[in-house]
Amino acid sequence: LSDREFDEAAWLSALSTSLARHRPTLRPFTFLFDVKSISYRNDVARILTQREMAMARSLVRDFRRFDPLYRPCHLDLSHSNIIRTDPGDYVFIDWEYSCVAPQEAELAFMFAVDEIGEDRRKHFVGTFEEVTETSLNRDLLAILESLRILFWLAWNCSKENVPEAERDRWIAYYRSRLSDPSA
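Procedures and definitions
- Residues numbered from 1 in each chain as written.
- Predicted model: local features only at pLDDT ≥ 70, side-chain atom pairs only at ≥ 80, totals over all residues.
- Heavy atoms only, no water.
- Buried < 20%, exposed > 50% of the residue type's maximum accessible area, 1.4 Å probe, protein only.
- Helix = DSSP H or I, 4+ residues; strand = E, 2+ residues; numbered from the N terminus.
- Pairing = 2+ DSSP bridges.
- Axes fitted to C-alpha atoms, helices over the stretch in contact; angles between N-to-C directions.
- Parallel < 35°, antiparallel > 145°, perpendicular 65-115°, else oblique.
- Contact = heavy atoms within 4.5 Å.
- Nonpolar A, V, L, I, M, F, W, Y, C, P; charged D, E, K, R; others polar.

Moving on, we get to the pairing of strand β4 (residues 89-92). The side-chain alternation of β4 yields one buried face, formed by Tyr-90 and Phe-92, and one unburied face, formed by Asp-89 and Val-91. Here strand β3 (residues 82-86) runs beside β4; their pairing, made up of four bridges, is antiparallel. Within the sheet, the bridge partner assigned to Ile-82 lies in β4 and is Phe-92.

With that out of the way, let us pick up the packing of helix α5 (residues 103-113) against helix α8 (residues 164-179). Direction vectors running N to C along α5 and α8 enclose 130°, while the axes themselves pass 11 Å from each other. Between α5 and α8, the angle falls in the class oblique. Residue-level contacts link Phe-111, Ala-112 and Val-113 of α5 to Tyr-173, Tyr-174 and Arg-177 of α8. Counted by class, the contact of α5 with α8 contains five nonpolar, no polar and one charged residues.

This is the structure:
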């Protein structure tokens with residue numbers, strides 16, 4: 001799905017319907033952010049620096065200060081997982097991360113994966129709040145996005161059989177995203 005054909009209000013409404021219809025097996029949200037899960041492989045210690053692991057622990061502590069609204073979430077809404085079948089009609093695929101999570105996680109995870117500029121982010125947040133008739137906590141959104149970037153850094157770079165040049169590219173990319181998440 002390209003940016004040109006992306007109608008945020010329509011797909012957010014379709015997502016709510018799809019979550020209700022799909023009824024994914026909903027695991028506890030914390031499985032995605034347990035700091036131990038970030039270091040689930042020995043080689044991850046070579047990828048995440050001590051500073052990044054400290055950042056992950058700090059972000060998890062910060063996350064625990066909030067009392068967010070939890071709701072069913074897809075949690076992998078990249079452009080490649082949203083298929084437009086007809087104008088205004090969307091199908092969502094790749095449900096393995098779905099769980100009950102803070103509502104901010106839905107957009108935070110998308111922002112962590114897809115390169116979405118600041119204006120577009122504001123539009124997504126505003127549309128999400130309008131469609132769901134709720135208010136998002138911007139601080140929690142930023143914390144969750146940074147945690148997801150750390151997770152993707154560890155996960156993508158610990159895959160087996162990834163050429164060293166590609167692994168180095170992923171490491172550089174996600175580290176640049178940690179310094180500037182909207183990059």
